[in-house]
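Structural description and commentary
Residue-level listing of the chains:
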2 protein chains.
Amino acid sequence: MNQGVQGQAGLELSSGEQAAIVAGRMVLHFQEGHAGMRELLGGKGANLAEMTTAGLPVPPGFTVTTEACREFFQTGGKLSDERFGEIGDAMKALEVKKGQRFGDPHNPLLVSVRSGSVNSMPGMMDTILNLGLNDETVQGLGRLTGQEAFAYDCYRRLIAMFGNVVFGIEGLWFERKLHKLKEDSGIEEDRDVSAEQWKLLIGQFKQIVVERAGKPFPQQVEEQLRLAVEAVFASWNNQRAQIYRRIHRIPDEQGTAVNIQSMVFGNLGSDCGTGVIFTRNPSTGEKQLFGEYLHNAQGEDVVAGVRTPLPICELEKDMPDVFTQLSATADRLERHYRDMQDIEFTVERSKLYILQTRGGKRTAQAAVKIAVDMASEAVITREDAVLRIEAEHLDQLLHRAIDPEAALDVIATGLPASPGAATGQAVFHADAADEAARNGKRVILVRQETTPEDIHGVLAAEGVLTSRGGMTSHAAVVARGMGKPCVCGCESIRIGDGQFAAGEQVVKEGDWISIDGATGRVIRGHVALKEPEISAELTQLLVWADEVRDLRIYTNADTPHDAAKARELGAEGIGLCRTEHMFFAPERLPVVQSMILAEGMTERKEALDQLLPMQQSDFEGLFRAMDDLPVTIRLLDPPLHEFLPELGELLKQQSAQRQETERLEQAEKQDPRLAEVKRQLLETERLIRKVRLLHEVNPMLGQRGCRLGILFPEIYAMQAEAIFLAVKSCQQEGVRVKAEIMIPLVGHVNELKRLRKLVEETATAVLGDELAAVDYRIGTMIEVPRAAITADQIAEHAEFFSFGTNDLTQMTYGYSRDDAEGKFLTAYVEQKLLPANPFQELDREGVGELIQWAVQRGRGVKPQLKTGVCGEHGGDKASIFFCHELGLDYVSCSPYRVPLARIAAAQAAITARQAKAEGAVG
Amino acid sequence: MNQGVQGQAGLELSSGEQAAIVAGRMVLHFQEGHAGMRELLGGKGANLAEMTTAGLPVPPGFTVTTEACREFFQTGGKLSDERFGEIGDAMKALEVKKGQRFGDPHNPLLVSVRSGSVNSMPGMMDTILNLGLNDETVQGLGRLTGQEAFAYDCYRRLIAMFGNVVFGIEGLWFERKLHKLKEDSGIEEDRDVSAEQWKLLIGQFKQIVVERAGKPFPQQVEEQLRLAVEAVFASWNNQRAQIYRRIHRIPDEQGTAVNIQSMVFGNLGSDCGTGVIFTRNPSTGEKQLFGEYLHNAQGEDVVAGVRTPLPICELEKDMPDVFTQLSATADRLERHYRDMQDIEFTVERSKLYILQTRGGKRTAQAAVKIAVDMASEAVITREDAVLRIEAEHLDQLLHRAIDPEAALDVIATGLPASPGAATGQAVFHADAADEAARNGKRVILVRQETTPEDIHGVLAAEGVLTSRGGMTSHAAVVARGMGKPCVCGCESIRIGDGQFAAGEQVVKEGDWISIDGATGRVIRGHVALKEPEISAELTQLLVWADEVRDLRIYTNADTPHDAAKARELGAEGIGLCRTEHMFFAPERLPVVQSMILAEGMTERKEALDQLLPMQQSDFEGLFRAMDDLPVTIRLLDPPLHEFLPELGELLKQQSAQRQETERLEQAEKQDPRLAEVKRQLLETERLIRKVRLLHEVNPMLGQRGCRLGILFPEIYAMQAEAIFLAVKSCQQEGVRVKAEIMIPLVGHVNELKRLRKLVEETATAVLGDELAAVDYRIGTMIEVPRAAITADQIAEHAEFFSFGTNDLTQMTYGYSRDDAEGKFLTAYVEQKLLPANPFQELDREGVGELIQWAVQRGRGVKPQLKTGVCGEHGGDKASIFFCHELGLDYVSCSPYRVPLARIAAAQAAITARQAKAEGAVG
């Protein structure tokens, strides 16, 4: 049972492909195909067909289809006689076209055999050149070209490649012999090797094949061809190809095609050459031919780096006609494919041949410039330009990066948790980070993992490095939210007291380190960073994106600073302000703690009264930063114990204070400090009792969210009062406030009813008659499955639904984010039990179904219900596409994801429109 | 804004009621109503109407409806003139009927005014007798009856009751005066008080009214009537009524009716009397008039216990005609109402009057006997008999109870977590319980809370008492599963070292205590227990239930002993065998631990090889006990850390071992024990590392269930092997095995696919060709919301769905069972945010909707899909009704809930059929 042949039903074939399959044909000449037949012909084959059909100078040939590959695996890894017959027929046609015969000693046809899969899999599959040479035809080739040395050079290359690809003999064995030959005869370059010397080497190569493969190099050209095609097919399942597919999520059942093409030679003399060009500069995007070529050389010499190639402009001097033809062809190919092309060409005796063309890889900066330029040139539409931009491009452009020129001492690699690079002195505590930053130092906070109490340290640091936790650990989420670089789960470092070790190296507090949040690299020392650039082209692209998208893009922001940044990046409102983040500020935490520890209502009210003006000024800052845009404020959400010290710490403290008490009590003279130490001990013991009382087995499913609001209405009342006081003062300043108050973790409509009433009563109490002139809404998070299920009931008491997809995913899957990633989720994704990590990419079938249900039920009751997503998924492209499909009103993401979200939302809208148009046509 | 007038739309009215409301009438004569008009007339009014219509000797009168009560609250707590006019008209008609006039000094009509709510609310509402007496009419009554003392006695009663009910004057004030009067004059009984003395007292009573109410007792009889009706209505919202309604979940908007009825007197002489009878014996159910009466007395004298009443058989001697008439009436009423009746009667001058009839309260034993007897007598159908049985009846009948005659020293009260009573010596550790039981002692295990490691202690104990945890805490769930009595969450006891304190009392290890799991009582000392009785009648009822129910009843059983017990109680299979409970047995735990701690596969396999034969014999026992019935075996479910010792314990151990090591190292001579202590310390440290590694923030949502099976396939493979080896050996013995293998915690279809394959491959490996002859299925728990949502995908790979409603409720609500009950759930239910605790009663709107969705989607793919519930809800009546409505195939509950489930399932089927029939008629 071979995986490779399964799931054919899953492939989407074009009409041409279907026709070919229906006709039972598994071999197609280049002139019979076109670019739309990638699934059947592979990327390279489809491009060769497209170019052939377009009349470009492509050496003739044909493609053995992916369907044949699937058949190959189905029949146990053998090419059937029927299939080989079909290949033979195609070879006959090729012979006619070239006026040569395969295996003819006098006028031999030589071909290349190359794999060509549907998705680009660079370096993964194998190639054989010069197939058709044997002891006899090599002589014919020598005679025909008048270059015996060239002919034997080609032959020795064939034997080595064939030995490697078909028989699995390591290239090293052949290279050693060549090396020795050149050394013995004092020759530096291959082209100086004589025919006789090549013959000697060929004898040695044949010997290697016999010794290592147990059989001779086949002299029968048909046997060469059969074995070569089989070897390419078989290589689909070699280990590196399997790994590549797993990483890039390419289905195993896709299979590869094989392209058989007549050879052309760039190494037949001074009127020959070979090269690679890009139609535009792949680094900058400038419109200008870019590339290099080698005089009198074969293609692999460019790649192998044996000789240093010349810049392409030199070709213009050497062969002006060829250069003109190449420029025109490049231009034609770019317009034809409507994208910057990466083209391989060969010049054989002053005749230009195009061997391959494909979309060129490019830097983020180039990608943006090329897309905008091509739209301006009317080669592509503005929508196409928007569709061309990828998430990684924006990650590169919007964050600082490590100078690509810098030499790096990489000492460890963790998870790339938040993009961007940072450099600073290592510190190991949040307080230390805070203090160092106050003194003007740049620091990297290094922790096993972070907790909400470390927030001020994260805020103060340039970046965060943790040794535990996954892509959605606390450190990762917080860092992404703040746009700070973060490398997390770097398990190879061992954090000790004031230092960490990575392998043999030890980094001490104060040592300089750098992290690259885009790759997960941890680097010793200070490195130079490149500032992010929002180019004119990127600005243009974002404007185009805004013109077509339907989803509004909000941001998750807790501070005026974040809000302003997000607005600058295009956010149209705040979708989530987590008020608890305001509670963790170091000067507020003691007040929050005394509120929690309060023995009675009076004491608690006192603490709340202190918090009220602080919260009010927080909200005023947000309203001002978001003048005329909605600001969604979530009332207190996390379990109260998060605001208290850890039990372990307290127990240590208690033990120390007890010992101190005993010591002082046993002292001969009464020590004046005794009373104070005793008081402290009592306080510690009180804290211990409270922490124990608040301890929960599963805090995720415990006393948090609106459950707090129900049990301690005075907390929510204080927050509502602060909001409406802020509304009042801001409106007096002329700020246009749009407040949206969000009740978290609602599971039953009664919770929302009760708390809505509390908020409304507070609003009336604060604003009285002025309330009529205030633009505010009350809504809820939908993050508990039950809320989604009973969305119709809940919608009656909510003006908006904000899907908290982080928690909704946790509860729908029954996965604790804190536990799953380290423990089993990674294994699940690796073992393909899950298509993706559902905390990164919204799970359509499960969580998505619930969201859809909730939207339908909610809108059934209240058609104008506003809906959006404010989880981490709000900044993920695939998830944004899904949100668009569901018809949500907005997504909310961290400030630095806003540009990405704008692009993704536009792409979703365009893609949907195109699919609809196609549906209408088909 | 008064709650009392809301939600009228929610009331379900009979056609008679609707007609009355449509006619705009809010006062109805007894002869105009019937028993079906409870919503409008209240229970008492409807019964009086029914009896009147049936021609029984009921003193004439009328009812002011609940609709008038709602109107009363709507108009701000005042009786409208229109309504009072209607009452006046009814009084006129009553005057005609009685030939008396209200307020007529010569021939006064006297009435009683009583509340009568829809649901019985005993003692909650208020009554006024003798209304219509004033300074003039009292003289007329005296003349008319020829008994002046009687007349003034009636008058003083009116003033006191009126003062109390209408003016809110405490009864104490009046009682004191009466007491003083009798003391001063040396009178013992009220009937010996003379008219003159009553007059004196009446003067004093009037004075009390003026002093305390600030206004005189009204002489105007119309005013008396108006104030009385208003007072009864107003009393609907008095505090005790509100509390009663909250406890019994009676809607606030229901309102009460008021019954106004002409007075009859049982205290006019020796041909008078009053009494209460039951138509059958309420303790035993025997068919025989049962009750008592008082000669020459008013009704409240029976209740007040001023005089000792006589058994009803004495009436036969005193007034044989009246007794015959009463017997016939009782018989008629019982047949009329088709239930045992509790009847109040009065004999006025040899004429029998029926004042009230209602269904009589009865013991569980009586309830069963009466139901079966009445079905045998053809008074009711067998289905009616089944419908009459309540869950609490069965709880009483199926568990040992405390001898009702015993004198008890109750020292504390906790939650009634598992029914039944137990008596034994207190022990404080599971091991101690186990050891004591082995030595033949009976013990009660007392713990703060229990953990899975205490299972053997629970098993060994007679019952369990915990100071923490709710109705669904570990102790409660496990105890219910084993049918052991349990009192949990008994927060008033403080457990110390080898003792616990309850108030001033201290119970030491070895002291005898008793617990009553039906009431939550904790009793000092040894008490006598009554054995449960499965009477012939109960057996009969269960057979009748089995004839009509559609749901199959399975049981949750982990041992052959439980399985056999459940089968005896009527279980038709095992719906849930938790294999982990087998892992906790003390002789196995070390093997399980070494399996968990294994460093590599070889080591783990060794441990698994030891477990294999143990599991195999477990399963063999179950298959034998359930010969020819399905046995559903759930593969390992809980997180592995549950099998390891607690971190705190280990740290203590480590500290002790370290100290010991140091001590031995410092000793002068080398101690031979040093090596052993060092080895132990290393072992402890290894355990600590593993426990830390397995620690989870939210274990509920962590690495458990099938996630273990995916990560450690060798564990599930061992379990599957044990199952199929057991199948093989049992089939060879001739046991008819029906194995159902259940994969827990599936959230994504791929998990099930992978593990199903593992089980199937194991089956083939063990059984080979014999497999064809084996009756087995593979299915899954549906307990993760995502599994319910994607049930169509999952059903393709499952032969059955077992809804794990405990976990499904946890995740759908986002409530951790371990945290919610203590922290907020109790408050939620008390504050009516939730209609019920969703862990006790299945939440229809949320969790239920998911189940329904899953059943529909699952059956859409696989129509024959078997579905059931195996959570705690499988033993809850309301939940069983819901399961019936959903069309599930079975419910599974703990062995001792099986009879209840059989009855509930039958009741659900009957109720549904009746509703359908009514629907067809209506």
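In the nomenclature of an unreviewed UniProt entry, chain A corresponds to Pyruvate, phosphate dikinase from the organism Paenibacillus chungangensis. Under Cofactor (unreviewed entry), UniProt gives the following word-for-word description of chain A: "Mg(2+)". The Sequence similarities (unreviewed entry) comment attached to chain A in UniProt states, word for word, "Belongs to the PEP-utilizing enzyme family."

1. Describing helix α34 (residues 844–861) of chain B
All names here are of chain B. Between the first and last C-alpha of α34 there are 24 Å, a value that for 18 residues agrees with the 26 Å anticipated at 1.5 Å per step. Among all positions of α34, only Gly846, Val847, Gly848, Leu850, Ile851, Trp853, Ala854, Val855 and Gly858 are buried. The N-terminus of α34 is capped by aspartate 843, whose side-chain oxygen sits 3.4 Å from the backbone nitrogen of glutamate 845.

2. Looking at the relation of the copies chain A and chain B
Once chain A is rotated about the relating axis by 180° and shifted along it by 0.1 Å, it coincides with chain B to within an RMSD of 0.3 Å. Interpreted geometrically, this transformation is the action of a two-fold axis. Among all residues of chain A, the one whose C-alpha sits closest to the rotation axis is Asn698(A), at a distance of 2.3 Å. A share of 100% of the interface residues of chain A reappears at the interface of chain B, consistent with the copies meeting face to face through the same patch.

3. Quick notes on the UniProt feature "domain: Pyruvate phosphate dikinase AMP/ATP-binding" (unreviewed entry) in chain A
All names here are of chain A. Look at the UniProt record and you will see "domain: Pyruvate phosphate dikinase AMP/ATP-binding" (unreviewed entry) annotated at residues 39–80, 88–309 and 324–377. Its end C-alpha atoms 22 Å apart, residues 39–80 is made of 57% helix and 10% strand. Helix and strand shares over residues 324–377 are 50% and 31% respectively, and the end C-alpha atoms of the span are 21 Å apart.

4. A short note on the environment of Lys678(B)
Residue and element names in this part refer to chain B. Positionally, lysine 678 belongs in helix α26 (residues 674–694). Taking C-alpha positions, lysine 678 is 7.8 Å from glutamine 657, a pair spaced 21 residues apart along the chain. Those residues within four positions of lysine 678 in sequence are excluded, and the remaining contacts are Thr661 and Glu665.

5. Examining the environment of Lys206(B)
Residues and elements named next belong to chain B. Among the structural elements, lysine 206 can be located in helix α8 (residues 195–213). Beyond its immediate sequence surroundings of up to four residues, lysine 206 is in contact with Asp135, Tyr155, Ile159 and Gln219. Here aspartate 135 takes part through its side chain, which lies 2.6 Å from a polar atom of the side chain of lysine 206.

6. Quick word on the sheet that holds strand β19 (residues 499–502) of chain B
All names here are of chain B. Taken together, the 3 strands give an open sheet; going across it, the order is β18-β19-β20, and neighbouring strands pair in antiparallel fashion. Because the sheet does not close on itself, it has two edges, and the strands there are β18 (493–495) and β20 (505–508). On average, each strand axis in the sheet is inclined to that of its neighbour by 20°, with strand direction left out of account.

7. Concerning the interface of chain A and chain B
Opposite the 49 residues of chain A that make contact, chain B presents 49 residues. Between chain A and chain B lies a buried interface of about 4500 Å² when both sides are counted; carbon and sulfur atoms form 55% of it. The partner of Arg786(A) in a salt bridge is Asp843(B), and the shortest N-O contact between them spans 2.6 Å. Taken together, the connections running from chain A to chain B amount to 30 residue pairs in polar contact (both at pLDDT 80 or more). Those elements that place two or more of their residues in the side of chain A that touches chain B are α26 (674–694), α27 (706–711), α29 (749–767), α30 (785–789), α32 (805–813), α33 (817–830) and α34 (844–861) of chain A.

8. A closer look at the pairing of strand β26 (residues 630–634) of chain A
All names here are of chain A. Along β26, 5 of the 5 residues are buried, which leaves the element largely enclosed by surrounding structure. A two-sided burial pattern is seen for β26, the buried positions comprising Pro630, Thr632 and Arg634 on one face and Val631 and Ile633 on the other. Pairing of strand β25 (residues 574–578) with β26 involves 3 bridges; the strand directions are parallel. Of the residues in β26, the one forming a bridge with arginine 578 is arginine 634.

9. Points about the packing of helix α4 (residues 81–98) of chain A against helix α9 (residues 221–235) of chain A
All names here are of chain A. Where α4 meets α9, the closest approach of the two axes is 11 Å, and the angle between their N-to-C directions is 120°. Accordingly, the angle class assigned to the pair α4 and α9 is oblique. The two elements α4 and α9 cross, and the hand of that crossing is right-handed. Two secondary-structure elements touch here, α4 through Asp81, Phe84, Ile87 and Met91 and α9 through Glu222, Leu225, Arg226 and Val229.

10. A word on unusual backbone geometry
Even without a glycine there, the phi angle at Ser350(A) is positive, about 65°. Judged by relative accessible area, which is 43%, Ser350(A) ranks as partly exposed. A positive phi angle, near 65°, is found at Asn130(B), a position not held by glycine. Within the secondary structure, Asn130(B) is located in strand β4 (residues 127–131). The class of Asn130(B) is buried, set by a relative accessible area of 0%.

11. Re the packing of aromatic side chains
All names here are of chain A. In the structure shown here, the tally under the stated rule is 35 aromatic pairs over all chains. Judged by centre distance (5.7 Å) and plane angle (80°), the rings of phenylalanine 162 and phenylalanine 167 are edge-to-face. Summarising the aromatic geometry, the rings of phenylalanine 584 and phenylalanine 643 are spaced 4.7 Å apart at their centres and angled 20° between planes, so their arrangement reads as stacked. Taken together, the residues phenylalanine 584 in the loop between α22 (579–583) and α23 (589–597) and phenylalanine 643 in the loop between β26 and α25 (647–666) connect sequence positions 59 residues apart. Residues phenylalanine 584 and phenylalanine 643 agree in their burial class; the two are buried. Members of the aromatic cluster, each reached through a chain of ring pairs, are Tyr155, Phe162, Phe167 and Phe217. Its guanidinium or amino end placed over the ring of tyrosine 353, lysine 351 lies 4.8 Å from that ring's centre, counting from NZ or CZ.

12. Digging into helix α4 (residues 81–98) of chain B
All names here are of chain B. Along its 18 residues, α4 runs 25 Å from first to last C-alpha, staying within 8% of the 26 Å computed at 1.5 Å per residue. Along α4, the residues that are buried comprise Arg83, Phe84, Glu86, Ile87, Ala90, Met91, Leu94 and Glu95. Next to the buried residues of α4 lie β1 (27–29), β2 (61–64), α3 (66–74), β3 (111–117), α9 (221–235) and β5 (256–262). Looking one or two places after α4, you find glycine 99, whose phi comes out positive at around 65°.

13. Remarks on the nonpolar core
Core analysis: the largest hydrophobic core is formed by 281 residues, its most contacted members being Phe623(A), Ile743(A), Phe803(A), Phe623(B), Ile743(B) and Phe803(B). The residues touching Phe803(A), leaving out its near neighbours within four places in the chain, are Ile782(A), Leu808(A), Ile851(A), Ala854(A), Val855(A), Thr867(A), Gly868(A), Val869(A), Cys870(A), Gly871(A) and Leu888(A).

14. Concerning the pattern of salt bridges
All names here are of chain A. Evaluation of the coordinates by the stated rule reveals 138 salt bridges over all chains. A salt bridge links glutamate 71 to arginine 83, with the shortest nitrogen-to-oxygen separation between them at 2.8 Å. Here glutamate 71 is found in helix α3 (residues 66–74), whereas its partner arginine 83 is found in helix α4, with 12 residues between them in sequence. Residue arginine 83 is classed as buried on the basis of its relative accessible area, which comes to 2%. For the salt bridge of arginine 468 with glutamate 449, the shortest nitrogen-to-oxygen distance reads 3.4 Å. Of this pair, arginine 468 sits in the loop between β16 (463–466) and α19 (474–482) while glutamate 449 sits in the loop between β15 (443–447) and α18 (455–460), and the two are 19 residues apart along the sequence. Given a relative accessible area of 41%, arginine 468 falls into the partly exposed group. Residue classification places glutamate 449 among the partly exposed residues on the basis of a relative accessible area of 40%.

15. Regarding the domain arrangement of chain A
As a measure of interface size, the accessible area lost when the parts come together is often cited. All names here are of chain A. The assigned domain composition of chain A is domain 1 (24–262), domain 2 (273–362), domain 3 (400–530), domain 4 (549–639 + 700–898) and domain 5 (652–695). Using only C-alpha atoms to locate each centre, domain 4 and domain 5 end up separated by 41 Å. Between domain 4 and domain 5, the contact holds 5 residues from the first and 5 residues from the second. For the pair domain 4 and domain 5, the two sides together bury roughly 430 Å², of which 58% comes from carbon and sulfur. Looking at the side of domain 4 facing domain 5, the largest losses of area belong to Ile596, Leu597 and Glu599, adding up to 80% of the total buried there.

16. Quick look at the state of the cysteines
Counted according to the given criterion, the structure contains 0 disulfides over all chains. Here Cys486(A) is not cross-linked by a disulfide; its sulfur's nearest cysteine counterpart is in Cys488(A), at 4.8 Å. Note on Cys154(B): no disulfide assigned, nearest cysteine sulfur contributed by Cys272(B) at a separation of 11 Å. The buried category is assigned to Cys154(B), whose relative accessible area is 0%.

17. Examining the sheet that holds strand β4 (residues 127–131) of chain A
Residue and element names in this part refer to chain A. Strands sit in the order β1-β2-β5-β3-β4 across an open sheet of 5 strands; the sheet is antiparallel. Each of the sheet's edge strands pairs with one partner strand only, and the pair in question is β1 (27–29) and β4. The mean inter-strand angle of the sheet, taken between neighbouring strand axes irrespective of direction, is 20°. The sheet contact formed by β1 and strand β2 (residues 61–64) spans 3 bridges and is antiparallel. Its bridge partner being in β2, valine 27 is matched across the sheet by valine 64. Lying on the sheet, α4 is in contact with β1, β2, β3 (111–117) and β5 (256–262); it crosses β2 at an angle near 165°.

Parameters at a glance
- Residues numbered from 1 in each chain as written.
- Chains lettered and ligands numbered in written order.
- Predicted model: local features only at pLDDT ≥ 70, side-chain atom pairs only at ≥ 80, totals over all residues.
- Heavy atoms only, no water.
- UniProt positions renumbered as here; feature names shortened; annotations may be inferred.
- Helix = DSSP H or I, 4+ residues; strand = E, 2+ residues; numbered from the N terminus.
- Expected span 1.5 Å × (residues − 1).
- Buried < 20%, exposed > 50% of the residue type's maximum accessible area, 1.4 Å probe, protein only.
- Polar contact = N/O pair within 3.5 Å; in protein donor to acceptor, adjacent residues only side chain to side chain.
- Least-squares fit on C-alpha atoms with pLDDT ≥ 70 in both.
- Contact = heavy atoms within 4.5 Å.
- Pairing = 2+ DSSP bridges.
- Axes fitted to C-alpha atoms, helices over the stretch in contact; angles between N-to-C directions.
- Buried area = accessible area lost by both parts, 1.4 Å probe.
- Salt bridge = Lys/Arg side-chain N within 4 Å of Asp/Glu carboxyl O.
- Parallel < 35°, antiparallel > 145°, perpendicular 65-115°, else oblique.
- Left-handed = near helix turned anticlockwise from the far one by under 90°.
- Phe/Tyr/Trp six-rings, centres within 6.5 Å; stacked < 30°, edge-to-face > 60°.
- Lys NZ or Arg CZ within 6 Å of the ring centre and 35° of its normal.
- Core = buried A, V, L, I, M, F, W, Y, C linked by side-chain atoms within 4.5 Å.
- Domains from an automatic or database assignment.
- Disulfide = S-S within 2.5 Å.

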